[in-house]
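# Descriptive analysis of the structure
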Amino acid sequence: KLKEFAQIDTLEKVSGEIKLNLSYEGSFEDIGNIKASDFERCTASGSLALLNGSGKLKGIEKEASNINGKLLFDNNNANLQELSFKRNNSTSVKLSGVAQNIFGYFFKPEEKLELDASLTAGKLNIEDVLFKTVEENNKEATPFSLPPRVIANLQIKADTVLFKKFEARQLTGIASMKNNTLSLENVSFQTADGNIKGDAILKGFPDKTFGVDATA
């Protein structure tokens, strides 16, 4: 069962099944004090398949469902083969690429995960990520923070992107995430007013506010 396998603090709720076929060879200098270098010396191969999973991160009200995909292990890295999920029936996402330092990230709280991937979405509703329900019929903005231990470079392609009354179509671009900063480059999309091209930077501050700098 996925819930028994994934003991991750940021997961508030998780269900589903996995199929794991893993060959791991390595040693730990001190089992009570595992280091990143222990994983760098490991030899690992095999696969992990996620089947009909669902889950919810702490601080995010809406649950991700229909989580499916396959990871192919290459030592301390993993190839993601069309990891897909849905959220609130208004967001559908697929992710393919390479995740580096995957064992270090999950077993050591100070280790970082580096992700180089392509993200495709039929429909992406920004409110599915940025808002949570506190009381019935009462929504407030969640203090939004980017994952501090994830460095990501994503090639993005989405058929439709929604945010409140705003709608963009045929969105493409490159997203880079590091040190609580999200950079969007070569972004292109269509609106009712025409085609838009530009760049943007979203930077987080210690008080959990964000600043946005955009050019078009």
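A quick note: this is a predicted structure, and the numbers were derived from the prediction, not measured.

Before going further, it helps to examine the environment of alanine 216. Here alanine 216 shows up in the segment after strand 13 (210–215). Through-space distance from the C-alpha of alanine 216 to that of glycine 198 is 4.0 Å; in sequence the pair is 18 residues apart. Apart from residues lying up to four places away in sequence, alanine 216 is in contact with Ile196, Lys197 and Gly198.

A separate point is the pairing of strand 13. Burial of strand 13 is sparse: only zero of the six residues sit out of reach of the surface. The sheet contact formed by strand 12 (residues 194–204) and strand 13 spans six bridges and is antiparallel. Paired with leucine 202 across the bridge in strand 13 is valine 212.

It is worth spelling out the pairing of strand 9 (residues 150–163) at this point. Where strand 6 (residues 113–125) and strand 9 come together, twelve bridges link them in parallel fashion. From the neighbouring strand, leucine 119 faces strand 9, where its bridge partner is isoleucine 156. In this structure, strand 9 lies alongside strand 10 (residues 166–178), joined through eleven bridges in antiparallel fashion. Its bridge partner lying in strand 10, threonine 160 is registered against arginine 169.

Residues Leu20, Leu22, Tyr24 and Phe28 make up a contiguous nonpolar surface patch of about 320 Å² in total accessible area. In this fold, phenylalanine 28 is placed in the loop between strand 1 (11–25) and helix 2 (36–40). Residue class for phenylalanine 28 comes out partly exposed when judged on its relative accessible area of 31%.

The next thing to look at is the environment of serine 47. Secondary-structure assignment places serine 47 in strand 2 (residues 43–57). For serine 47, a relative accessible area of 15% puts it in the buried group. As a C-alpha pair, serine 47 and alanine 78 span 31 residues in sequence and 8.7 Å in three-dimensional space. Those residues in contact with serine 47 that sit more than four places away from it in its chain are Lys19, Leu20, Asn21, Lys70, Leu71, Leu72 and Phe73.

Its location among the elements puts glutamine 190 in strand 11 (residues 181–191). Measuring from C-alpha to C-alpha, the distance between glutamine 190 and leucine 171 comes to 7.1 Å, with 19 residues separating the pair along the chain. Ignoring any residue separated from it by four or fewer positions in sequence, one finds glutamine 190 in contact with Glu167, Ala168, Arg169, Gln170 and Asn195.

A word on the confidence of the model for the protein chain. Of all residues in the protein chain, 78% have pLDDT values of 70 or greater, and the mean over the chain is 80. Per-element confidence in the protein chain is highest for strand 10, whose mean pLDDT is 93, and lowest for strand 7 (residues 131–135), whose mean pLDDT is 43. In the model, residues 1–7 has pLDDT below 50 throughout and makes 13 contacts with residues more than four positions away in sequence or in other chains.

A complete count under the given rule lists two aromatic pairs for this structure. Plain terms: the ring middles of phenylalanine 73 and phenylalanine 103 are 5.5 Å apart, the flat faces sit at 20° to each other, and that makes the pair stacked. Of this pair, phenylalanine 73 sits in strand 3 (residues 64–74) while phenylalanine 103 sits in helix 3 (residues 102–107), and the two are 30 residues apart along the sequence.

Not every positive phi belongs to a glycine, and asparagine 101 is a case in point at roughly 65°. Here asparagine 101 lies in the loop between strand 5 (91–100) and helix 3.

So, how was this worked out
- Residues numbered from 1 in each chain as written.
- Predicted model: local features only at pLDDT ≥ 70, side-chain atom pairs only at ≥ 80, totals over all residues.
- Heavy atoms only, no water.
- Helix = DSSP H or I, 4+ residues; strand = E, 2+ residues; numbered from the N terminus.
- Contact = heavy atoms within 4.5 Å.
- Buried < 20%, exposed > 50% of the residue type's maximum accessible area, 1.4 Å probe, protein only.
- Pairing = 2+ DSSP bridges.
- Patch = residues over 30% accessible without salt bridge, like charges linked within 9 Å, V, L, I, M, F, W, Y side chains within 5 Å.
- Areas by Shrake-Rupley, 256 points an atom, 1.4 Å probe, with all protein chains shown as cover.
- Salt bridge = Lys/Arg side-chain N within 4 Å of Asp/Glu carboxyl O.
- pLDDT = per-residue confidence, 0-100.
- Phe/Tyr/Trp six-rings, centres within 6.5 Å; stacked < 30°, edge-to-face > 60°.

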